[in-house]
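Results of the structural survey
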Amino acid sequence: QVQLVESGGGLVQAGGSLRLSCVASGTIFSINAMGWYRQAPGKQRELVAAVTSGGTTNYADSVQGRFTISRDNAKNTVSLQLDSLKPEDTAVYYCNAGIRRRFYRDYQDYWGQGTQVTVSS
């Protein structure tokens, strides 16, 4: 009953920008941390950026200074601004959120379907 839907992926040239968005919907009581992960072919899924419910952010070293994560608690959304893109940023990007559903006690981990980001050289 809870769903994360992502948008904003696409093809961009090196040095360009993209903005990814993710909206959570359903019977949501509250959302804890939210984040973005990515997975390139043949590689392990890795954390790109995360933001806590209090607004504290963390970034992977490889994207520090280039990507910016933000959230809108009123809209249950999290966004990722990708600037100065490099070919090595090419991957499927996944939205992640810890969500407590209405009438449930514990938080559970939810994932979006993924959106492809391709950066050409």
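Residues numbered from 1 in each chain as written. Predicted model: local features only at pLDDT ≥ 70, side-chain atom pairs only at ≥ 80, totals over all residues. Heavy atoms only, no water.

**Regarding the overall build of the protein chain**
Each helix and strand counted, the protein chain has zero helices and 11 strands in total. Counting helices and strands in the order they occur from the N terminus, the protein chain gives β-β-β-β-β-β-β-β-β-β-β. Compactness check: the protein chain gives a C-alpha radius of gyration of 14 Å against a globular reference of 14 Å for 121 residues, within 12% of the reference. Dimensions along the principal axes, computed over C-alpha positions, put the protein chain at roughly 50 × 25 × 25 Å. Split into buried and exposed, the 121 residues of the protein chain put 41% on the buried side. In the protein chain, of all internal contacts separated by at least 6 residues, the share reaching a separation of at least 24 is 58%. Counting only carbon and sulfur atoms, one obtains 46% of the accessible surface of the protein chain, whose full area is about 6600 Å². One way to put it: in the protein chain the 12 positive side-chain charges average out to a point 7 Å from where the 9 negative ones average out. (Helix = DSSP H or I, 4+ residues; strand = E, 2+ residues; numbered from the N terminus. Rg over C-alpha atoms; globule rule 2.2 N^0.38 Å. Buried < 20%, exposed > 50% of the residue type's maximum accessible area, 1.4 Å probe, protein only. Contact = heavy atoms within 4.5 Å. Areas by Shrake-Rupley, 256 points an atom, 1.4 Å probe, with all protein chains shown as cover. Lys, Arg positive; Asp, Glu negative; His and termini not counted. Charge placed at Lys NZ, Arg CZ, Asp CG, Glu CD.)

**Regarding the pattern of salt bridges**
Scanning the entire structure with this criterion turns up three salt bridges. In this structure, the salt-bridge partner of Glu46 is Arg38, at a minimum N-O distance of 2.8 Å. Residue classification places Glu46 among the partly exposed residues on the basis of a relative accessible area of 30%. With relative accessibility at 6%, the residue Arg38 sits in the buried group. Residue Asp89 pairs with Arg38 through a salt bridge whose shortest N-O separation is 3.0 Å. (Salt bridge = Lys/Arg side-chain N within 4 Å of Asp/Glu carboxyl O.)

**Points about the state of the cysteines**
Two cysteines joined by a covalent bond between their sulfur atoms form a disulfide. Taken as a whole and judged by the stated rule, the model has one disulfide. Across a sulfur-sulfur distance of 2.2 Å, Cys22 and Cys95 are joined as a disulfide pair. Around the S-S axis, the bridge from Cys22 to Cys95 shows a dihedral of about -80 degrees and counts as left-handed. In this pair, Cys22 sits in strand E3 (residues 18–25) while Cys95 sits in strand E9 (residues 91–101), placing the two residues 73 residues apart along the sequence. For the pair shown, Cys22 and Cys95 are each scored as buried. (Disulfide = S-S within 2.5 Å.)

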